[in-house]
Amino acid sequence: MIEQSSLSGTHTPLPQGFEWLRTACVERGGFFVETEHHVLSYIPGSERLVVCFDNLASSREKEKRTPFGFPLVDRQGWGTLGVMAKRMDWFQCPDLKAHLHEIQAQGLFDSYPNTAFYGASMGGFGALAFSPLASNPTVLAFAPQSTLRPRRAKFERRYTSAMRLGDWSGAFTDVAATPLDTGRAFVVFDPFVPQDRAHVERLKGTQIEPLPVRHFTHKVPPMFRRMEILKPIVLEALGGTLTRQSFYHHLRARRDAAPYLVSLVEAAHRAGHLKLGCAAAERAVLQKNNWKTRQSLRSIESTRDALLERAKARED
C-alpha cells in the first residue's frame, strides 16, 4: 500500500474540507496520501477504476472536498482514485508524479479489469496526460488543455500563473508529445472557443475521438448537467459503451434546453444574426421563463429594433 511520505517545508498546506475524505478512504480500505501540492485519495470498488482529476472549480469547495465526479462514480460501485489539487499547477509536481508511478508499480491500475480517466479543463488535461499509466485506458476529457508549455501552446494565455507555478520540464507535460497508443479518449469541446479548438487540434492518433459541441463555451459539464445529459454521457463514456452516435443522440436535448438556447442567442447577437437569435430567444423563454431568458430576448430585440429604426430613418 502506498504510504504517506514526509513533506518539505515548502509544501502547500492542506485546505479545509479534506478530513471527511481521509476518514472515508481509511474506513473503506483505501488510502489517503498528501503530497507536496496534491492529494491522492483511493476508495476501492469493483469492475473498474476511475481516476478523477480536479479542475479549478474544485478549489471553491471548502466544506467537503470530493474527487471530481465522485458521487456519480461511487454510486456505480466503481473504485475511485482522486487526484486532487492543493494548488492549481496542472499536476506538474515531481512529488505527485513519483507517487503516481509508485501506485502504478504496486499494480493498482492492473488490479481492475478496466481503468478510466476523467476530468474537465485542468482535469481534462490531467486525464489525458496521465492515462498512459494504465493499459488500454478509457478517457473522458471536457475542454482539456494539451499543454501549458509556453513554446508549444503560444495561443494559450488564460492560465499564465500555472505556466509559472508548475514544473513543466519533465514527463506528463504535453499530451500531444505522448499520444495514446491503446484505449480510447473522448474529448468534448466547443470549437467556437479558439484556445480549446487549438488544443484539440494538437492531439493526434486514432485513439482520440474529438466530439465538438458548438455554443457550449468552455464550461461544458455545467451545461450538460442543466440539460440532464451529463450523467448518461459520463456513465457511457467511463463504462466503455459511448459511441459518437449515442453522444450526439444525447445532444439532441439541446434543442429544448434554455441554457443552450441562451448561449446560442448570445453567439447570434455577437455575429449579427438577429433573426436567428430572436427565434432562439423566444424559444428559450418558452422553455424556461426566467430573468436570464427574458433579458436575452430583450437585449437582442432591442438591437434588432434599433437597426430597423436606423434603416427606416435612412429611407425617410
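Parameters and conventions
- All residue numbers here refer to positions counted from 1 along the written sequence of the relevant chain.
- Local features in a predicted model are, by the rule used here, given only for residues with pLDDT of at least 70; side-chain atom pairs are given and counted only at 80 or more, and totals for whole chains, interfaces and linings are based on all residues.
- Excluding hydrogens and water, the side-chain values take into account all heavy atoms of the structure.
- Only strands joined by at least two bridges in the DSSP assignment are considered to pair.
- Helix and strand assignments follow DSSP, with helices taken as H or I runs no shorter than four residues and strands as E runs no shorter than two, numbered in order from the N terminus.
- Lines fitted to the C-alpha atoms define the axes, with helices restricted to the stretch that makes contact. Angles between their N-to-C directions range from 0 to 180 degrees.
- The contact criterion used is simple: two residues touch if any of their non-hydrogen atoms lie within 4.5 Å.
- Relative accessibility thresholds used throughout: buried, under 20% of the residue-type maximum; exposed, over 50%; partly exposed, between the two (1.4 Å probe, protein chains only).
- A cavity here means a set of 1 Å grid points, computed over protein atoms only, where a 1.4 Å probe fits but cannot escape. A pocket is an open set with protein on both sides within 12 Å along at least 5 of 7 lines, and lining residues have an atom within 4 Å of a point.
- Grid points are joined across faces, edges and corners, and a volume is the space filled by probe spheres set on the points.
- We call Asp, Glu, Lys and Arg charged. Ala, Val, Leu, Ile, Met, Phe, Trp, Tyr, Cys and Pro are nonpolar, and the rest, Gly among them, are polar.
- Each direction from the helix axis to a C-beta atom contributes to the arc, which is the arc of those directions.
- As used in this record, nonpolar core signifies buried Ala, Val, Leu, Ile, Met, Phe, Trp, Tyr and Cys residues forming a set joined through side-chain atoms within 4.5 Å.
- Looking down the strands as they point away from you, a crossover is right-handed if its path from the first strand over the helix to the second goes clockwise.

## A look at the sheet that holds strand 3 (residues 48–53)
Then, in step 1: Taken together, the 8 strands give an open sheet; going across it, the order is 1-2-4-3-5-6-7-8, and neighbouring strands pair in mixed fashion. The open sheet is flanked by strand 1 (31–34) and strand 8 (208–212), the only strands paired with a single partner. Averaged over all pairs of adjacent strands, the angle between strand axes in this sheet comes to 10 degrees, irrespective of strand direction.
Then, in step 2: Sheet topology note: the strand 7 (residues 184–189)/strand 8 ladder contains 5 bridges and is parallel. Bridged to Val 187 within strand 8 is Pro 210.
Then, in step 3: In the packing of helix 9 (residues 244–251) onto the sheet, the strands contacted are strand 7 and strand 8, and the crossing angle to strand 8 comes to about 20 degrees.

## With respect to helix 6 (residues 194–201)
Then, in step 1: Those residues of helix 6 not exposed but buried are Asp 196, Ala 198, His 199 and Val 200.
Then, in step 2: The inward-facing, buried residues of helix 6 abut strand 7 and strand 8.

## Observations concerning empty space enclosed by the protein
Then, in step 1: Taken as a whole and judged by the stated rule, the model has 1 cavity of 30 Å³ or more.
Then, in step 2: Its volume calculated, the largest cavity comes out at about 60 Å³.
Then, in step 3: If you go around the largest cavity, the residues you meet are Leu 128, Ser 131, Pro 132, Val 175, Ala 176, Thr 178, Pro 179, Leu 180, Leu 203, Lys 204 and Ile 208.
Then, in step 4: When its residues are assigned to classes, the lining of the largest cavity shows 8 nonpolar, 2 polar and 1 charged.

## Topic: the layout of surface pockets
Then, in step 1: Here the largest pocket defines a volume of roughly 730 Å³.
Then, in step 2: Asn 55, Ala 57, Phe 68, Pro 221 and Arg 225 are the residues nearest the centre of the largest pocket, which is lined by 30 residues in total.
Then, in step 3: Looking at the lining of the largest pocket, the elements that each hand over two or more residues are helix 2 (70–75), strand 5 (114–120), helix 7 (220–227) and helix 8 (230–239).
Then, in step 4: When grouped by side-chain class, the residues that make up the lining of the largest pocket number 17 nonpolar, 6 polar and 7 charged.

## Comments concerning unusual backbone geometry
Then, in step 1: Not every positive phi belongs to a glycine, and Glu 47 is a case in point at roughly 75 degrees.
Then, in step 2: Overall, Glu 47 belongs to the partly exposed group, its relative accessible area being 46%.

## Some words on helix 1 (residues 19–27)
Then, in step 1: Among the residues of helix 1, those classed as buried are Leu 21, Ala 24 and Cys 25. Projection of helix 1 onto a plane perpendicular to its axis shows the buried side chains occupying an angular sector of 100 degrees, all on one side. Along helix 1, exposed side chains directed more than 90 degrees from the buried face belong to Val 26 and Glu 27.
Then, in step 2: Of the residues flanking the end of helix 1, it is Gly 29, one or two places downstream, whose phi is positive at about 85 degrees.

## Structural notes on the nonpolar core
Then, in step 1: Membership of the largest hydrophobic core comes to 46 residues, with the highest contact counts inside it found for Phe 31, Leu 81, Trp 90, Leu 100, Ile 103 and Phe 109.
Then, in step 2: The element best represented in this core is helix 4 (residues 122–130), accounting for 6 residues.
Then, in step 3: Residues in contact with Trp 90, not counting those within four places in the same chain, are Leu 56, Met 122, Phe 125, Gln 145, Leu 148, Tyr 159, Ala 162 and Trp 168.
Then, in step 4: Ranked by size, the runner-up nonpolar core spans 31 residues in total, among them Cys 52, Val 188, Ile 233 and Leu 242.

## Here's the deal with the pairing of strand 5
Then, in step 1: Burial analysis of strand 5 places 6 of its 7 residues in the buried class, the great majority of the element.
Then, in step 2: Direction of pairing for strand 3 relative to strand 5: parallel, over a ladder of 5 bridges. If you follow Leu 49 over to strand 5, its bridge partner there is Thr 115.
Then, in step 3: Handedness of the crossover joining strand 5 and strand 6 (residues 138–142) through helix 4: right-handed.

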